[in-house]
There are 2 protein chains.
Amino acid sequence: MRFSPLVEQLMDAFRVLPGVGPKTAQRMAMHVLEREREGGQRLSATLAEAIEAVGYCQRCRTLTEAELCALCQSPRRDETLLCVVESPADQLAIEEAGGFRGRYFVLHGHLSPIDGIGPEAIGLEQLESLVAQAHVHEIVLATNPTVEGEATAHYIATQLAAYGVTFSRLAYGVPMGGELEYVDGGTLSRAFNGRLPFASE
Amino acid sequence: MRFSPLVEQLMDAFRVLPGVGPKTAQRMAMHVLEREREGGQRLSATLAEAIEAVGYCQRCRTLTEAELCALCQSPRRDETLLCVVESPADQLAIEEAGGFRGRYFVLHGHLSPIDGIGPEAIGLEQLESLVAQAHVHEIVLATNPTVEGEATAHYIATQLAAYGVTFSRLAYGVPMGGELEYVDGGTLSRAFNGRLPFASE
Ligand SMILES: [Zn+2]
Ligand SMILES: [Zn+2]
């Protein structure tokens, strides 16, 4: 048995979500249609609105529907400290760990020549003009502790070597091969405080 | 740090889905906005369309956007056998277990006087007119093997006692206190074949 075409389409559509296989997608479709039509309508509308309106902050490239995100608008953040992260989720993880009072720059990925992802795709021209204009003294290269994250950090340090900025990298307290987003706050906070100078060679 | 209002709203909206807590909702919102905007738009549109168009089959009350579901339209299903289930998910589980060639009636719940869910709310008047009109010889009362499911089965058997129909209930192969939807196909199939006569007392 299959459900009606529209119900089957809904199950398929839920599979776009991370970690959602056929069984979970079926549960989601049944739950919404049987018990949560109002919540489902709200999800549909909010999803459409967010996809339409949410873009990148013009300064730091984090996700926001405004021109500048709240953090970039805040006068209380130290603009001499800039933390470069791969994703808004990594930014959130660092913010929730606490202790960092600087600003951010979000790459939305890492360099991956094999996939055709070069410096422009991760905003490195924009990062360079930000560093050229702002009074940045230190850049924390908080890309993931993976091969690609390391390579991206090295690329950025080389690219921006002329600006007289100090580079640092999170201390290895974060597990190699892991993803920042899933590191617990305590470990992340300690790694942040123990960050080390970073040489581009 | 909080994300922008619209991104936060999107995270909240995902929490309508079953088993989705704050961390999973955040991952879903990030995944859609960072990597799957097209899939997210499809989910939004399909969700809105399904909530608008999907109702109950006029004969068996399963979920469908048509007047009659495909199964009720099929001339190959034995209309002398009627299986009463609590949900479309239970109906699917029985169909996937295989072996049953009759028709269904979907209650969308069970009797629960304490929650104000009486016979009309689960379609029992409609079930009675179906039995009065169709040539039903046996009704398999495949409500969940829970206190509420048992009580609902007894109520139906009493209500329809005058129609000279045989009642049966799934054999106990299904675990007490469990939910049909999550029983494996083999167990469910054996329980179906070993179904027992059901007395309304
Ligand atoms: Zn910003
Ligand atoms: Zn039907």
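Every chain begins its residue count from 1, and numbering advances along the sequence as written. Chain letters and ligand numbers both follow the written order, the letters beginning at A and the numbers at 1. Given that the model is predicted, a residue must reach a pLDDT of at least 70 before its local features are reported, and side-chain atom pairs must reach 80 or more before they are shown or counted; all residues, however, enter totals for whole chains, interfaces and linings. Values shown for side chains rest on all heavy atoms present in the structure; no hydrogens or waters enter the calculation.

The test is simple: UniProt positions are given in the numbering used here, feature names are shortened, and annotations may be inferred rather than shown by experiment.
Chain A is annotated in an unreviewed UniProt entry as Recombination protein RecR of Vreelandella subglaciescola. We quote the UniProt Function (unreviewed entry) comment for chain A here in full: "May play a role in DNA repair. It seems to be involved in an RecBC-independent recombinational process of DNA repair. It may act with RecF and RecO." Quoted verbatim from the Sequence similarities (unreviewed entry) heading of the UniProt record, the comment on chain A is "Belongs to the RecR family."

1. Looking at the nonpolar core
Our working rule: Within this scheme, the nonpolar core is defined by two criteria: the residues are buried Ala, Val, Leu, Ile, Met, Phe, Trp, Tyr or Cys, and they are joined through side-chain atoms within 4.5 Å. Here the term buried applies to any residue with accessible area under 20% of the maximum for its type, exposed to any over 50%, and partly exposed to those in between, with areas from a 1.4 Å probe on protein chains only. Secondary structure elements are defined from DSSP: runs of H or I of at least 4 residues count as helices, runs of E of at least 2 residues count as strands, and each element is numbered from the N terminus. Working rule for contacts: check all heavy atoms of both residues, and any pair within 4.5 Å makes them a contact.
Counting residues in each nonpolar core, the largest one holds 48 residues, and the members touching the most others are A:Phe14, A:Leu17, B:Phe14 and B:Leu17. Residue assignment for this core shows that the elements contributing at least two residues are helix 1 (5-14), helix 2 (22-35), helix 3 (37-53) and helix 5 (88-97) of chain A together with helix 1 (5-14), helix 2 (22-35), helix 3 (37-53) and helix 5 (88-97) of chain B. Not counting the four nearest positions on each side in its chain, A:Phe14 is found in contact with A:Val20, A:Ala25, A:Met28, A:Ala29, A:Val32, B:Leu17, B:Leu43 and B:Leu47.

2. Side note on the coordination of the zinc ion (ligand 2)
Residue and element names in this part refer to chain B. Stated precisely, the cut-off is as follows: Each metal's donors are the N, O and S atoms within 2.8 Å of it, or within 3.2 Å when it is Na, K or Ca, and because water is not part of the set, sites may look incomplete. A four-donor site is classed as tetrahedral when every donor-metal-donor angle falls between 85 and 135 degrees; four donors are called square planar, and six octahedral, when trans pairs exceed 155 degrees and all remaining angles lie between 65 and 115, with any other arrangement labelled irregular.
Listed as protein donors to the zinc ion (ligand 2) are Cys57 (SG), Cys60 (SG), Cys69 (SG) and Cys72 (SG); their distances from the metal cover 2.3 Å. One way to put it: the four donor atoms around the zinc ion (ligand 2) meet at angles of 105 to 118 degrees, and that makes the site tetrahedral. All donors of the zinc ion (ligand 2) belong to a single chain; written as a sequence motif, their spacing is C-x2-C-x8-C-x2-C. Judged by its relative accessible area of 1%, Cys60 is buried.

3. What about the interface of chain B and chain A?
Let me state the cut-off plainly: Buried area is a sum: the accessible area each of two parts loses on coming together, probed at 1.4 Å, counted once for each and added. One speaks of a salt bridge when a side-chain nitrogen belonging to Lys or Arg is within 4 Å of a carboxyl oxygen belonging to Asp or Glu. We call two N or O atoms a polar contact when they sit within 3.5 Å, provided that within protein one can donate a hydrogen and the other can accept it, with sequence-adjacent residues counted only if both atoms are side-chain atoms. Throughout this entry, Asp, Glu, Lys and Arg are counted as charged residues, while Ala, Val, Leu, Ile, Met, Phe, Trp, Tyr, Cys and Pro are counted as nonpolar. The remaining residues, Gly among them, count as polar.
Taken together, the contacts link 53 residues of chain B with 53 residues of chain A. Both faces combined, the contact of chain B with chain A buries some 5,300 Å², and carbon together with sulfur accounts for 70% of it. Linking chain B with chain A are zero salt bridges. Here chain B is connected to chain A by 13 residue pairs in polar contact (both at pLDDT 80 or more). Looking at the side of chain B that touches chain A element by element, the count peaks at 14 residues for helix 3 of chain B. Class assignment of the residues belonging to the side of chain B that touches chain A gives a composition of 29 nonpolar, 14 polar and 10 charged.

4. A word on the coordination of the zinc ion (ligand 1)
Only A:Cys57 (SG), A:Cys60 (SG), A:Cys69 (SG) and A:Cys72 (SG) from the protein coordinate the zinc ion (ligand 1), and they sit 2.3 Å from it. Coordination at the zinc ion (ligand 1) is tetrahedral: its four donor atoms span angles of 105 to 118 degrees at the metal.

5. A short note on the domain arrangement of chain A
You'll often see interface size given as the accessible area lost when the parts meet. Definition in use: An automatic or database domain assignment is the source of the domain bounds shown.
The domains assigned to chain A are domain 1 (5-53) and domain 2 (75-169). Taking only C-alpha atoms, the centre of domain 1 of chain A and the centre of domain 2 of chain A are 35 Å apart.

6. Digging into the relation of the copies chain B and chain A
The condition is simple: Here the copies were fitted onto each other by least squares, based on C-alpha atoms from residues at pLDDT of at least 70 in both.
Expressed as a screw transformation, the operator carrying chain B onto chain A has a rotation angle of 180 degrees and an axial translation of 0.0 Å, and the superposed copies differ by an RMSD of 0.1 Å. Seen this way, the second copy is the image of the first under a two-fold rotation axis. No C-alpha of chain B approaches the rotation axis more nearly than that of B:Ser44, which lies at 2.1 Å. When the interface residues of chain B are mapped onto chain A, 100% of them again lie at the interface, so the same face is used by both copies.

7. Quick look at the environment of A:Cys60
Residues and elements named next belong to chain A. Positionally, Cys60 belongs in the loop between strand 1 (55-56) and strand 2 (63-64). Along the backbone, Cys60 and Gly123 are 63 residues apart, and their C-alpha atoms lie at a distance of 9.5 Å. Among residues more than four places away in sequence, those in contact with Cys60 are Cys69, Cys72, Tyr104, Phe105 and Val106.

8. A word on helix 3 of chain A
Two residues of an α-helix separated by three or four positions point the same way, owing to the 3.6 residues in each turn. Convention followed: Helices are assigned an expected span. That span is 1.5 Å times one less than the residue count.
The end-to-end C-alpha distance of helix 3 of chain A, which contains 17 residues, comes to 24 Å, matching closely the 24 Å that a straight helix rising 1.5 Å per residue would cover. Listing the buried residues of helix 3 of chain A in full gives A:Gly39, A:Gly40, A:Leu43, A:Ser44, A:Thr46, A:Leu47, A:Ala50 and A:Ile51. Where helix 3 of chain A is buried, its residues meet helix 2 of chain A together with helix 1, helix 2 and helix 3 of chain B.

9. Things to note about the sheet that holds strand 7 (residues 196-197) of chain A
Residues and elements named next belong to chain A. Spelled out, the test is: Pairing between strands requires that DSSP locate at least two bridges from one strand to the other. Fitted lines through C-alpha atoms give the axes, limited to the stretch in contact for helices. The angle between two N-to-C directions lies from 0 to 180 degrees.
Read from one edge of the open sheet, five strands run 4-3-5-6-7, paired in mixed fashion. Only two strands of the sheet have a single partner each, and these edge strands are strand 4 (102-106) and strand 7. Where helix 5 meets the sheet, it contacts strand 3 (78-85), strand 4 and strand 5 (138-142), and its direction lies at approximately 160 degrees from that of strand 4. In the packing of helix 6 (residues 124-133) onto the sheet, the strands contacted are strand 3, strand 4 and strand 5, and the crossing angle to strand 3 comes to about 165 degrees.

10. Remarks on the packing of helix 2 of chain A against helix 5 of chain B
Following both chains from N to C, one finds helix 2 of chain A and helix 5 of chain B inclined at 145 degrees, their axes separated by 10 Å at the closest point. Listed contacts from helix 5 of chain B to A:Gln26, A:Met30 and A:Glu34 of helix 2 of chain A are B:Pro88, B:Ala89 and B:Leu92. Partitioned by chemical class, the residues of the contact of helix 2 of chain A with helix 5 of chain B number four nonpolar, one polar and one charged.

11. Quick word on helix 2 of chain B
With 14 residues, helix 2 of chain B should cover 20 Å at 1.5 Å per step; its first-to-last C-alpha distance of 20 Å lies within 8% of that length. Listed in full, the buried residues belonging to helix 2 of chain B are B:Ala25, B:Gln26, B:Met28, B:Ala29, B:Met30, B:His31, B:Val32 and B:Leu33. For helix 2 of chain B, the secondary structure elements touched by its buried residues are helix 2, helix 3, strand 2 and helix 5 of chain A together with helix 1 and helix 3 of chain B.

12. Here's the deal with unusual backbone geometry
Located in the positive-phi region is A:Arg61, a residue other than glycine, with phi close to 70 degrees. Checked against the element boundaries, A:Arg61 lands in the loop between strand 1 and strand 2.

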